[in-house]
Amino acid sequence: MDIIHTDVLVIGGGLAGLRVAIATRRRGHEAIVLSLVPPKRSHSAAAQGGMQASLANCFKGQGDDEDVHFADTVRGSDWGADQRVVRMFVNTAPKAVREMAAWGVPWNRVERGVRTAIINGKSVELKESDAAHGLIDARDFGGTRKWRTSYVSDGTGHSMLYTMSDQAIANQIPAHERTEAIALIHDGDRCYGAIVRHLVSGKLIAYVAKATCIASGGFGRIYRVSTNAVINEGIGTAIALETGVASLGNMEAVQFHPTGIFPAGILVTEGCRGDGGLLLDRNEHRFMPDYEPEKAELASRDVVSRRMEQHIAAGHGASSRFGEHLWLDIRLLGQQHIDTKLREVKEICQHFLGIDPARQLIAVRPAQHYSMGGIRTDYRGESPNLRGLFSAGEAACWDMHGFNRLGGNSVAETVVAGMLVGEYIADYCDSSDSDCSFSSALLEQSWKQQERYLSGLCDGRGNENAFELMREMQQTMTDKVGIFRHGERLSQAVTDLQSLLARSRRIGVRSQLRGANPELVTAYRVQKMLKLALCVALGALRREESRGAHFREDFPLRNDRDWLVRTLATWPDADSTQPSLDYEELSVMAMEMPPGWRGYGEKNHIEHPQTAQRQADVDAVLQRSDLSDRFARQQALMPYLDCLPPKYRGRNQRLGEQES
Amino acid sequence: MSDLIATAGRRIRLHILRHNPQDPESQPHMQTFELEEADGMTLFIALNEVRETQDPSLAFDFVCRAGICGSCAMLINGKPGLACCALTRELPDDITLMPLPVFKLIADLSVDTGEWMRDMSERLQTWVQGSELERDLDRFEQTMEPQLARDIYELERCIECGCCVAACGTAHMRPGFVGAVGLNKLARFRLDPRDERDDAAFYQLVGNDDGVFGCMTLLGCEDMCPKQLPLATQIAFLRRKMARQGLKKNPEE
Ligand SMILES: Cc1cc2nc3c(=O)[nH]c(=O)nc-3n(C[C@H](O)[C@H](O)[C@H](O)COP(=O)(O)OP(=O)(O)OC[C@H]3O[C@@H](n4cnc5c(N)ncnc54)[C@H](O)[C@@H]3O)c2cc1C
């Protein structure tokens with residue numbers, strides 16, 4: 001048995017994992033990053049549109065600050081988010097963008113003078129100030145009241161990931177590429193690292209660490225139509241679930257992005273609509289204002305995706321031989337804008353649709369995009385059930401997105417979480433809690449169990465086909481656990497997935513190769529993915545309300561009275577075919593912003609009994625004359641600064657804001 | 001709409017170089033897979049179909065399948081390119097696929113570009129080096145001219161796919177050559193005012209035959225770059241700067 005020791009084992013080399021590794025390395029702890037692929041190929045590279053942070057540099061960003069970003073994010077989450085975590089996030093996001101700027105990201109910059117922009121279908125002139133010249137620019141995104149999304153053309157994630165990855169190299173952090181964590185080493189109370197399979201040699205290696213951090217990204221590939229990379233299979237999330245003790249939060253909260261190109265599902269960024277692009281139907285009619293007069297194309301993603309599907313169902317979709325779709329029109333932005341700020345979009349349209357988006361319409365339809373749910377952690381990123389296990393980025397649910405994430409808030413989250421959770425992991429490694437002496441029998445047992453398991457898949461006794469099971473799972477999820485959900489279809493999905501899971505336990509792998517063996521990889525992954533799919537489907541079935549991206553046709557209202565709770569899924573019995581679900585209440589009385597209308601989408605909801613009282617408390621605080629400024633008022637409503645590592649508690653400098 | 005041009009029904013043949021160095025029994029050989037072309041089929045779709053229905057052991061790499069991540073470069077009918085963006089309808093009935101040369105073979109069409117790129121990054125120190133790296137994050141960012149930011153991004157669009165290296169005469173002969181990918185990166189950092197290295201420092205890194213003087217100006221790199229980066233211009237420019245620097249350092253030469 002090969003054993004590798006380190007202080008911090010980071011599972012994932014995307015933005016979140018790399019930033020965690022850099023943070024802990026700088027605090028003097030050794031870190032190793034594991035990744036299925038070279039870190040720069042992680043899916044973070046595909047983020048196009050940008051990163052939210054309330055810098056308020058550009059004209060349409062004026063008046064923005066942490067408070068506005070906070071309110072937008074909480075509304076976007078449909079009040080599912082942990083508001084304290086959102087506060088930590090919005091205060092750190094400007095620091096994260098500025099740090100990335102110092103490290104080399106070529107953010108687009110504000111240019112002084114008059115510029116033309118397309119807003120709500122019309123060309124308008126905006127005047128940028130001299131003071132803002134050369135500071136970081138921002139574009140508009142859905143569900144935000146200010147232009148807040150910093151961007152690098154439409155290659156934001158690429159630039160960020162390359163900069164971050166090169167910083168990791170500069171910090172001499174080893175990245176063990178083409179490795180896959182397939183199980184955690186733990187004793188039911190404490191995590192000690194992971195059993196890792198080398199994807200080239202097939203070797204199993206035990207990585208022993210004081211702290212283990214899962215930053216393995218989303219699990220979009222449990223769906224057939226997804227914007228996600230093919231490696232986004234959620235294995236990191238699944239191995240946490242397979243401990244039987246660590247819990248996954250809100251797995252039913254799955255985001256569908258309005259503009260996946262049709263039928264391939266490849267994303268064209270929300271920046272297309274942020275920059276002024278419109279959605280049209282078969283008659284080239286702009287339909288979004290009919291449904292959403294306030295925000296039109298720039299309502300939150302869950303709302304826009306639903307309206308699109310509703311419009312298609314009403315018979316207004318354009319038809320093609322692949323089925324129905326709608327159109328995204330960015331012709332009005334002009335060639336010059338597309339050539340400089342939407343270049344990836346242009347290339348994607350050329351390669352995969354054979355069209356020029358400056359002259360032709362883009363066929364689009366909503367596609368699975370983002371996993372709001374994930375490994376449940378506290379605000380420090382640690383699992384409440386398994387000490388020494390941390391998580392950050394899309395894989396985690398510390399819960400800043402609730403039931404719907406805003407565009408641009410995810411890459412921002414990856415870096416912010418990397419900064420904060422990285423500090424907390426370093427604290428943990430500094431403390432005696434992280435003492436890593438444990439029995440070698442446990443280690444050996446964990447390793448042997450995986451060795452036996454993998455041999456079992458290849459022993460020639462199984463007869464089920466892994467690829468087929470994968471296809472069936474993905475089809476079931478897309479057909480029955482999509483944008484519009486219904487109790488009947490959901491229970492059918494749960495039954496189907498359970499039978500697939502049972503079948504997956506009889507998979508037979510034809511090729512005996514232990515090294516680069518794609519069939520073997522699919523075999524063990526599909527078993528894990530089916531468990532995640534069951535958490536999503538069962539969570540969706542049990543949640544009898546509609547909130548954010550989770551929409552139930554049979555329970556169309558948001559129900560704060562009964563469902564202002566976070567779903568927690570665990571898998572205590574390995575042989576079972578379904579997870580066990582539990583619920584954690586969100587306290588209205590602790591909220592800085594009690595539940596209300598989001599400002600877009602449905603206006604009705606069932607109120608929580610404490611909402612009125614909490615709103616009265618909040619209003620009273622806002623009236624208090626002894627609270628001199630917004631910081632004092634915020635502090636009186638919901639103190640959170642203590643939750644931040646001391647080095648990140650400072651106030652962010654802004655144009656037009658008094659320094660105090 | 002050209003995605004409505006039906007191409008379904010054609011039989012295409014993929015001739016693939018098979019070899020798995022991990023398997024002692026394996027000998028490099030060509031293997032042919034025949035399949036029916038589907039509408040809008042890319043090599044990403046075709047190769048997955050072969051793996052799922054004909055040979056589960058076929059190895060290749062895809063990640064984003066959208067031309068963004070650079071994982072799937074291979075020789076397509078002899079030319080380096082990204083397989084995910086290659087539409088079969090733009091290719092003949094017979095398609096030959098080989099792994100990228102120069103890089104270490106993992107199996108079949110999968111090569112280790114990651115290790116090569118990391119080594120290049122370490123040798124060239126492809127990160128901003130300056131005193132402003134650790135700033136007070138509460139304060140305004142340093143300003144930058146908008147055009148300069150765009151110019152830097154132009155060079156930063158490289159996705160480290162390896163096509164330029166596979167297409168480079170020097171890289172085939174000199175294992176240490178940093179390739180257009182490496183030279184372009186240094187051009188990017190040279191342009192960036194946040195990076196405080198001067199030409200003398202850059203000369204130390206690329207003022208030799210593994211660097212900018214190894215380039216034979218065959219232009220394969222720029223022709224094959226899937227992101228259409230201006231590689232030849234950047235290399236020529238860097239070479240002039242480094243040659244001048246070289247003269248400064250060794251005036252007698
Ligand atoms: C097409 C697209 C466009 C997007 N655009 C935007 C945008 O404009 N703005 C925005 O805010 N967000 C955007 N997002 C979302 C955002 O990009 C992601 O949520 C974010 O980048 C995730 O980063 P991460 O570090 O958590 O994970 P990832 O970048 O996905 O990295 C995961 C890492 O984990 C590794 N890994 C996974 N499993 C294992 C395992 N078992 N063992 C070892 N390693 C493992 C992988 O190799 C990889 O290195 C977009 C998403 C998509 C799909």
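Residues numbered from 1 in each chain as written. Chains lettered and ligands numbered in written order. Predicted model: local features only at pLDDT ≥ 70, side-chain atom pairs only at ≥ 80, totals over all residues. Heavy atoms only, no water.

Enquirer: Is there a simple way to explain the overall build of chain A in this structure?
Expert: Along chain A, the regular secondary structure elements total 18 helices and 25 strands. Its C-alpha atoms give chain A a radius of gyration of 24 Å, near enough to 26 Å, the size a compact globule of 660 residues would have. Expressed as lengths along the three principal axes of its C-alpha atoms, the size of chain A is roughly 70 × 60 × 50 Å. Of all 660 residues assigned to chain A, the portion counted as buried reaches 67%. (Helix = DSSP H or I, 4+ residues; strand = E, 2+ residues; numbered from the N terminus. Rg over C-alpha atoms; globule rule 2.2 N^0.38 Å. Buried < 20%, exposed > 50% of the residue type's maximum accessible area, 1.4 Å probe, protein only.)

Enquirer: Explain the domain arrangement of chain B to me, please; I cannot follow it from the model alone.
Expert: Reports often express the size of an interface as the amount of accessible area lost when the parts come together. Residues and elements named next belong to chain B. Domain annotation of chain B identifies domain 1 (2-111) and domain 2 (125-249). Computed from C-alpha coordinates alone, the two centres of domain 1 and domain 2 are separated by 31 Å. Taken together, the 13 residues of domain 1 in the interface contact 13 residues of domain 2. A buried area of about 940 Å², summed over both sides, lies between domain 1 and domain 2, and 78% of it is on carbon and sulfur atoms. Counting across the interface, domain 1 meets domain 2 through zero salt bridges. Across the domain 1-domain 2 interface, the total number found is one residue pair in polar contact (both at pLDDT 80 or more). Here the element with the most residues in the side of domain 1 that touches domain 2 is strand S4 (residues 79-82); it accounts for four residues. Its residues assigned to classes, the side of domain 1 that touches domain 2 shows nine nonpolar, three polar and one charged. (Domains from an automatic or database assignment. Contact = heavy atoms within 4.5 Å. Buried area = accessible area lost by both parts, 1.4 Å probe. Salt bridge = Lys/Arg side-chain N within 4 Å of Asp/Glu carboxyl O. Polar contact = N/O pair within 3.5 Å; in protein donor to acceptor, adjacent residues only side chain to side chain. Nonpolar A, V, L, I, M, F, W, Y, C, P; charged D, E, K, R; others polar.)

Enquirer: What should I look at first to understand the pairing of strand S15 (residues 323-329) of chain A in this one?
Expert: Consecutive side chains along a regular strand alternate between the two faces of the sheet. All names here are of chain A. Most of S15 is tucked away, with five of its seven residues classed as buried. Sheet topology places strand S14 (residues 318-320) next to S15; three bridges connect them, and they run antiparallel. Following the sheet pairing, Ala-318 is matched in S15 by His-325. Hairpin connection between S14 and S15: a loop of two residues separates the two successive antiparallel strands. Here three bridges tie S15 to strand S16 (residues 362-371), and the two strands are oriented antiparallel to one another. Its bridge partner being in S16, Trp-327 is matched across the sheet by Ala-363. (Pairing = 2+ DSSP bridges.)

Enquirer: In this structure, what is going on with the sheet that holds strand S2 (residues 29-36) of chain B? I would like to understand it.
Expert: Backbone hydrogen bonds are what pair the strands of a sheet, in a parallel or an antiparallel way. Residues and elements named next belong to chain B. Taken in spatial order, the five strands of this open sheet run S2-S1-S5-S3-S4, and their pairing is mixed. The sheet is open, and its two edges are formed by S2 and S4, each paired on a single side. Taken pair by pair, the neighbouring strands of this sheet meet at an average axis angle of 35 degrees, ignoring direction. Note: strand S1 (residues 11-18) against S2, eight bridges, orientation antiparallel. Within the sheet, the bridge partner assigned to Leu-17 lies in S2 and is Met-30. (Axes fitted to C-alpha atoms, helices over the stretch in contact; angles between N-to-C directions.)

Enquirer: So what exactly am I meant to see when it comes to helix H9 (residues 231-249) of chain B here?
Expert: Since there are 3.6 residues in each turn of an α-helix, residues three or four apart along the chain are aligned in direction. Residue and element names in this part refer to chain B. The end-to-end C-alpha distance of H9, which contains 19 residues, comes to 26 Å, matching closely the 27 Å that a straight helix rising 1.5 Å per residue would cover. Within the sequence span of H9, burial applies to Leu-231, Gln-234, Ile-235, Leu-238, Met-242, Gln-245 and Gly-246. Taken down its axis, H9 places every buried residue within 100 degrees of arc, on the same side. Across from the buried face of H9, at angles greater than 90 degrees, the exposed residues are Arg-240, Arg-244, Leu-247 and Lys-248. On its buried face, H9 sits against helix H3 (146-156), helix H4 (163-166), helix H6 (179-191), helix H7 (199-206) and helix H8 (220-224). (Expected span 1.5 Å × (residues − 1). Arc of directions from axis to C-beta.)

Enquirer: Looking at this model, I keep getting lost on the environment of Gly-188 of chain A. Mind explaining?
Expert: Following the sequence through the fold, Gly-188 of chain A ends up in the loop between strand S8 (179-186) and strand S9 (191-198). Along the sequence, Gly-188 of chain A and His-337 of chain A sit 149 residues apart, while their C-alpha atoms lie 55 Å from each other.

Enquirer: Please clarify how the side chain of Arg-197 of chain B should be interpreted in this entry.
Expert: Residues and elements named next belong to chain B. Structurally, Arg-197 can be placed in the loop between H6 and H7. On the accessibility criterion, Arg-197 (12% relative accessible area) is buried. At 2.9 Å, the side chain of Arg-197 and the backbone oxygen of Gln-125 are in polar contact. Not counting chain neighbours up to four residues away, the residues in contact with Arg-197 comprise Leu-124, Gln-125, Trp-127, Gln-129, Phe-189, Phe-202 and Leu-205.

Enquirer: Help me out: how do you make sense of the site of the ligand in this one?
Expert: Residues and elements named next belong to chain A. With respect to spatial proximity, 39 residues lie near the ligand, and among them Ser-42, His-43, Ser-44, Glu-394 and Ser-410 are the closest. Between the ligand and Ala-16, the relevant distance is 3.0 Å, taken from an oxygen atom to a main-chain nitrogen or oxygen of the residue. In the environment of the ligand, an oxygen atom lies 2.5 Å from a nitrogen or oxygen atom belonging to the side chain of Ser-44. In the complex, the protein chains occlude 98% of the 1000 Å² of accessible area that the ligand would expose alone. Breaking the shell around the ligand down by element, the ones donating at least two residues are helix H1 (15-26), strand S2 (31-35), S8, helix H5 (235-241), S16 and helix H11 (409-430). (Near = heavy atom within 4 Å. Areas by Shrake-Rupley, 256 points an atom, 1.4 Å probe, with all protein chains shown as cover.)

Enquirer: For this particular structure, what's the right way to read the interface of chain A and chain B?
Expert: With 89 residues of chain A at the interface, the matching set in chain B holds 75 residues. Across the chain A to chain B interface the summed buried area is about 6700 Å²; carbon plus sulfur atoms make up 53%. Summed over the shared surface of chain A and chain B, the result is 13 salt bridges. The shortest N-O distance in the salt bridge between Arg-178 of chain A and Asp-61 of chain B comes to 2.9 Å. At the boundary of chain A with chain B, the tally comes to 39 residue pairs in polar contact (both at pLDDT 80 or more). Counting only elements with at least two residues in the side of chain A that touches chain B, the list comes to helix H3 (83-103), helix H4 (156-170), strand S7 (175-177), helix H10 (343-353), helix H13 (466-480) and helix H15 (518-542) of chain A.

Enquirer: What's the story with the nonpolar core in this structure? I'm lost.
Expert: Membership of the largest hydrophobic core comes to 176 residues, with the highest contact counts inside it found for Trp-107 of chain A together with Leu-14, Leu-47 and Leu-97 of chain B. Lining this core are residues from two domains, each supplying at least three of them: domain 1 (2-111) and domain 2 (125-249) of chain B. Among residues more than four places away in sequence, those in contact with Trp-107 of chain A are Met-51, Val-97, Met-100, Ala-101, Ile-136, Ser-150, Tyr-151, Val-152, Thr-156 and Met-160 of chain A together with Ala-149 of chain B. Core analysis: the next-biggest nonpolar cluster, separate from the first, contains 79 residues, Leu-204, Phe-256, Leu-386 and Val-481 of chain A among them. (Core = buried A, V, L, I, M, F, W, Y, C linked by side-chain atoms within 4.5 Å.)

Enquirer: Can you walk me through unusual backbone geometry in this structure?
Expert: Trans peptide bonds make up most of the peptide bonds, and negative phi angles are found at most residues other than glycine. Of the consecutive residues Phe-262 of chain A and Pro-263 of chain A, the connecting peptide bond is found in the cis state with omega at 5 degrees. Along the polypeptide, Pro-263 of chain A turns up in the loop between strand S12 (254-261) and helix H6 (271-274). Positive phi outside glycine occurs at Glu-160 of chain B, with the angle close to 50 degrees. Take Glu-160 of chain B: it is sitting in the loop between H3 and H4.

Enquirer: Whenever I open this one, the sheet that holds strand S19 (residues 396-397) of chain A confuses me. Can you help?
Expert: Residue and element names in this part refer to chain A. Strands sit in the order S19-S17-S11-S23-S24 across an open sheet of five strands; the sheet is mixed. The sheet is open, and its two borders are formed by S19 and strand S24 (580-585), each paired with just one other strand. With two bridges connecting them, strand S17 (residues 374-376) and S19 associate as parallel partners. Across the sheet, Arg-376 pairs through a bridge with Cys-397, a residue of S19. The strands touched by H15 within the sheet are strand S11 (248-249), strand S23 (565-570) and S24, with S24 carrying the most contacts at an inclination of about 60 degrees.

Enquirer: Looking at this model, I keep getting lost on the pattern of salt bridges. Mind explaining?
Expert: If the charged atoms of two oppositely charged side chains come close together, the side chains can form a pair. According to the stated counting rule, one finds 92 salt bridges over all chains in the structure shown. The structure contains a network of salt bridges with shared partners spanning Asp-78, Glu-252, Asp-302, Arg-306, Arg-543, Glu-545, Arg-547, Arg-558, Asp-560 and Arg-598 of chain A.

Enquirer: Whenever I open this one, the packing of aromatic side chains confuses me. Can you help?
Expert: Using the criterion set out here, one finds 10 aromatic pairs over all chains in the structure. Ring centres of Phe-390 of chain A and Tyr-428 of chain A lie 5.5 Å apart, and the angle between their planes is 70 degrees; on these two criteria the pair is classed as edge-to-face. Pair noted here: Phe-390 of chain A is in strand S18 (residues 389-391) and Tyr-428 of chain A is in helix H11, with a separation of 38 residues, a long-range link. Tyr-428 of chain A shares its class with Phe-390 of chain A; the two are buried. By way of ring pairs, the aromatic residues Phe-44, Phe-60 and Phe-62 of chain B are connected into one cluster. In this structure, Lys-603 of chain A is placed above the aromatic ring of Trp-597 of chain A, and the distance from its NZ or CZ to the ring centre is 4.6 Å. (Phe/Tyr/Trp six-rings, centres within 6.5 Å; stacked < 30°, edge-to-face > 60°. Lys NZ or Arg CZ within 6 Å of the ring centre and 35° of its normal.)

Enquirer: When you look at a nonpolar patch on the surface in this model, what are you seeing that I'm missing?
Expert: Residues and elements named next belong to chain B. Together, Met-173, Met-216 and Leu-218 give the surface a local cluster of nonpolar side chains, amounting to about 330 Å² of exposed area. Structurally, Met-173 is set in helix H5 (residues 169-173). Relative accessible area serves as the criterion here: at 58%, Met-173 is assigned to the exposed category. (Patch = residues over 30% accessible without salt bridge, like charges linked within 9 Å, V, L, I, M, F, W, Y side chains within 5 Å.)

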